Every structure is written in C-alpha cells, then in structure tokens.
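If you want the building blocks of each chain, they are given just below.
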Amino acid sequence: MPSIFHEPAVDLAVAAQRRSTELYPPQDSDIIRDVFFVLTHDAVCVHRAIGTLVDSGWSAPGAVLFRTLMDISVSAVALNHSERPKLAAFRYLYSGLRRHSRDVSLPATAGRAMFNEIRKRLKQLSPEDRAEATSVVKEKDRPYWFAPEWGSPSEVIELFASNELKWTYMQVSAAAHGTFLGMRLYRDDPDKMDINPRPVGPRAFSLEL
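Just so it is clear, the model here is predicted, and its values are computed rather than measured. (Residues numbered from 1 in each chain as written. Predicted model: local features only at pLDDT ≥ 70, side-chain atom pairs only at ≥ 80, totals over all residues. Heavy atoms only, no water.)

Chemist: Even after reading the chapter, I still don't get helix H5 (residues 108-124), so can you show me in this structure?
Modeler: Residues that lie three or four places apart on an α-helix share one face, since the helix turns once every 3.6 residues. For H5, built from 17 residues, the straight-helix expectation of 24 Å at 1.5 Å per residue is met to within 8% by its first-to-last C-alpha distance of 25 Å. Here H5 has its buried residues at Gly 111, Met 114, Ile 118, Arg 121 and Leu 122. The buried side chains of H5 occupy one side of the element, clustering within an arc of 110 degrees when seen end-on. Exposed and facing more than 90 degrees away from the buried side of H5 are Ala 108, Thr 109, Lys 120 and Lys 123. Contacts made by the buried residues of H5 are with helix H2 (31-55), helix H4 (85-101) and helix H6 (127-137). (Helix = DSSP H or I, 4+ residues; strand = E, 2+ residues; numbered from the N terminus. Expected span 1.5 Å × (residues − 1). Buried < 20%, exposed > 50% of the residue type's maximum accessible area, 1.4 Å probe, protein only. Arc of directions from axis to C-beta. Contact = heavy atoms within 4.5 Å.)

Dropping the structure here:
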C-alpha cells in the first residue's frame, strides 16, 4: 500500500518538529520561528490530506492539493531569502488578517479583534522592526504576502529553485487551475470517464512520494 511510504514521511516530519521544539523552546518574540512552525504544521496537514485522497482513489484532486503544498514551500523559501526576515514574517502572518479587518461586511467586533491581534504582535517586535511593521499594516493589499520583494510564486521559484522544481510547479499549476491535462496527470487511465474512485497505480502513487 502507498501509505507504507506516506505515513512514515508524516511521522518523520512530526518527530523533527517535536525535536526542534525541545531544542529551541518557543518564545512569543521569535516571529520567524513562529512562521516556520506554522508552515511546517500546514505542510504536514496538506501532505496527509494528499495521501488520504490518493489512497481513496482521488488522485486528480490530490494533484490540486500538491500545488498548495508547493505554495507553502514557496512561502518558506521567500521567508528564508528575504532581506528583512522579521518583516517578511510579519507580512506572512498579518497581511491577510489586515485585509479581512478592512472588510466592511464583517461585524465591527471582528475587525477590532483582528487589529488587536496585530497590535499584540507589534509590541513584541524591536523598536526598529515595529516601525517598519506598522508601515506594513498601512500598505495596499497585494495578491501575495511576500510582495513587494517578489511579485509572484513563479518569481520566487525562478530565482531560488532547481529546474526540477520549476518544471513540477508548472505541471501542478495546470492541475490547480482545472485544465484537461492537469486533472489527468496522475490518473493511471486518464481517458476513462468515470466519476468513481480509482485504484492506486504508478501515476497516483508518484503523487504521494
């Protein structure tokens, strides 16, 4: 069964995260470690979801989630290569929260709660970082949290990723956007029009690995 490879990979990631926590106890002021913790947690969750889908016979939707997993990796790469990693970490955690806090359709109490969360983090930053982070709160909304350093995930990948990763990102982008080839890339019988779950074959199996 494919899960004999998939579950040990998840267990290894969890064990590595636990060991990291033991060596470096979490501190409220360490915003960079907080972001990497969130990224690792989310990556493990998505990885498990992909395995569950593939094992259940739904490899095409699994490919869509694979794109999500790669986008999580792009965020980690962007944070690692940022010229101001603390500022980048603040953007990662709070650019979306800031955007939703401006949504006039939400109750006023929800908007205040979001801003209070941002203020709490601002107080934990150094005076220099706090001043720049405050300017981030006032920025215009952008499609990607790592702007303006980089304009898109593709730009991050082009600058820092291997050719193999660039090719893979392009393939799973097709799946994420629901194209004909993309939705059939990991089906072992791509021409079969059947809405039922499919047996796990070599193509679907490769998605888990």
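Chemist: Help me out: how do you make sense of the environment of Leu 97 in this one?
Modeler: Considering the arrangement of structural elements, one finds Leu 97 in helix H4. Residue Leu 97 is classed as partly exposed on the basis of its relative accessible area, which comes to 25%. Sequence spacing of Leu 97 and Met 114 is 17 residues, and the spatial spacing of their C-alpha atoms is 6.4 Å. Here Leu 97 is in contact with Met 114, Glu 117 and Ile 118, once residues within four sequence places are set aside.

Chemist: How should unusual backbone geometry be read in this particular structure?
Modeler: Peptide bonds are trans in most cases, and residues, glycine excluded, mostly fall at negative phi. The linkage connecting Ala 147 with the following residue, Pro 148, adopts the cis geometry, with an omega of 10 degrees. Of note, Pro 148 is situated in the loop between H6 and helix H7 (153-160).

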